[in-house]
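# Coordinate inspection notes
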Amino acid sequence: MALAPALRARGHDVMVPDLRPALREGRPFYAALAALIAAVPDEDAVAVVHSGAGALAPLLGAVRGAIFIDAVLPHPGQSWFDGVPPELGARLRGLAKDGRLPPWHAWWPKGAMERLLPDRAQGAAFIAEQDELPLAYFEEAAPAVPLAMPSAYLQLSEAYAADADAADALGWPVERLALDHLAVLSRPTLVVDAIQRLADEF
C-alpha cells in the first residue's frame, strides 16, 4: 500500500499485516483475522483501517486510537450483508461461483479501475494483489466485541458518506476529502496529511 512508504518517509514506524491468508481458510474467519492483527506493537500505535477492514477494528489490541478511512463501521453481532442495501447484497451473491466472490476490482463496471488508478503500473500491481473472496465471510456475523479505543473518520468518496455521518453522530473527529476510494494508493500524500491531523486528536 502506498500509504506505508509515505508514512515511513515522515518518520513513522509502520506495520501492514497481510490478511489474505485468513480469508483462504474456512470458518470462523473473524477468529483467524483476529490472530493476524493481534500483534500491534504497543499502546502508542494508531491503527489505520480502510474499506472493509473497519469491521476488524474492535479486534485490535490496546492502541492509542483508530482512524477509519472510507471504511465500514464496526458491526458487532451482524454480518457485512446485514449492513448493505439489499440490492448490493443480491448483486454480489449473483457474482459468486462455488461459494467465492471474484476479486474486489471485478465487482465494478468496466473502466472503473482505470478511472481510479490511471497509472497503469500501479493499477496492475493493485489487481495482482487481489484474491477471490469467500462469500461465507460476508455472511459471518462479526464478534460481539465493542469498539474500545478513540476513533476518527476520513471520508474519501461519496459511497462512504453515511458511515462518515454516523461517525460524526458518535462524536468522532471527521474529515471529508473530495477524492475517491483508492486515493490511499493514487494520492497518498493528501491522505497521510489527513491521517496526521486526525491522529493529533487522540
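My aim in this report is to walk through the structure given alongside it, one point at a time. Source: prediction; values computed, not measured.

Quick look at the side chain of Glu 140 now. Relative to the assigned elements, Glu 140 resides in the loop between α7 (135-139) and β5 (151-155). Not counting chain neighbours up to four residues away, the residues in contact with Glu 140 comprise Arg 27, Pro 28, Phe 29, Tyr 30, Gln 78, Ser 79 and Trp 80.

Turning our attention to the sheet that holds strand β1 (residues 46-50). Read from one edge of the open sheet, 4 strands run β1-β2-β5-β6, paired in parallel fashion. Each of the sheet's edge strands pairs with one partner strand only, and the pair in question is β1 and β6 (174-176). Pairs of neighbouring strands in the sheet enclose a mean axial angle of 15°, with direction left out of account. Most of the contacts of helix α8 (residues 161-169) go to β6, to which it runs at about 150°, and overall it touches β5 and β6.

A separate point is the pattern of salt bridges. Inspection of the entire model under this criterion finds 9 salt bridges. The partner of Arg 100 in a salt bridge is Glu 132, and the shortest N-O contact between them spans 3.6 Å. Taken together, the residues span a long stretch of sequence, with Arg 100 in strand β3 (residues 100-101) and Glu 132 in the loop between α6 (120-128) and β4 (133-134) at a distance of 32 residues. We note a salt bridge from Glu 175 to Arg 197, for which the minimum N-O separation is 2.8 Å. Residue Glu 175 is located in strand β6, and its partner Arg 197 is located in helix α10 (residues 188-199); the two are separated by 22 residues in the primary sequence. Each of Arg 27, Arg 93 and Glu 139 takes part in one network of salt bridges that share partners.

The next subject is the environment of Ala 34. Within the fold, Ala 34 resides in helix α3 (residues 29-37). Between the C-alpha atoms of Ala 34 and Gly 61, which are 27 residues apart in sequence, the distance is 9.4 Å.

On to the nonpolar core, then. Counting 60 residues, the largest nonpolar core has Phe 68, Ile 69, Tyr 137, Phe 138, Tyr 153 and Val 191 as its most contacted members. Looking at which element gives the most residues to this core, the answer is α10, with 6 residues.

Relative to the elements of secondary structure, Leu 33 occurs in helix α3. Overall, the relative accessible area of 2% leaves Leu 33 in the buried class. Expressed as a C-alpha distance, the spacing of Leu 33 and Ala 22, which sit 11 residues apart in the sequence, is 5.5 Å. With residues up to four places along the chain from it excluded, the contact list for Leu 33 reads Leu 19, Ala 22, Leu 23, Leu 56 and Tyr 137.

Turning to the environment of Val 174, a few remarks are in order. Structurally, Val 174 can be placed in strand β6. Sequence separation between Val 174 and Leu 3 is 171 residues, and the spatial gap between their C-alpha atoms is 19 Å. Sequence-distant contacts of Val 174, defined by excluding residues within four places in its chain, comprise Tyr 153, Ala 164, Ala 167 and Asp 168.

What counts and what doesn't
Residues numbered from 1 in each chain as written. Predicted model: local features only at pLDDT ≥ 70, side-chain atom pairs only at ≥ 80, totals over all residues. Heavy atoms only, no water. Helix = DSSP H or I, 4+ residues; strand = E, 2+ residues; numbered from the N terminus. Contact = heavy atoms within 4.5 Å. Pairing = 2+ DSSP bridges. Axes fitted to C-alpha atoms, helices over the stretch in contact; angles between N-to-C directions. Salt bridge = Lys/Arg side-chain N within 4 Å of Asp/Glu carboxyl O. Core = buried A, V, L, I, M, F, W, Y, C linked by side-chain atoms within 4.5 Å. Buried < 20%, exposed > 50% of the residue type's maximum accessible area, 1.4 Å probe, protein only.

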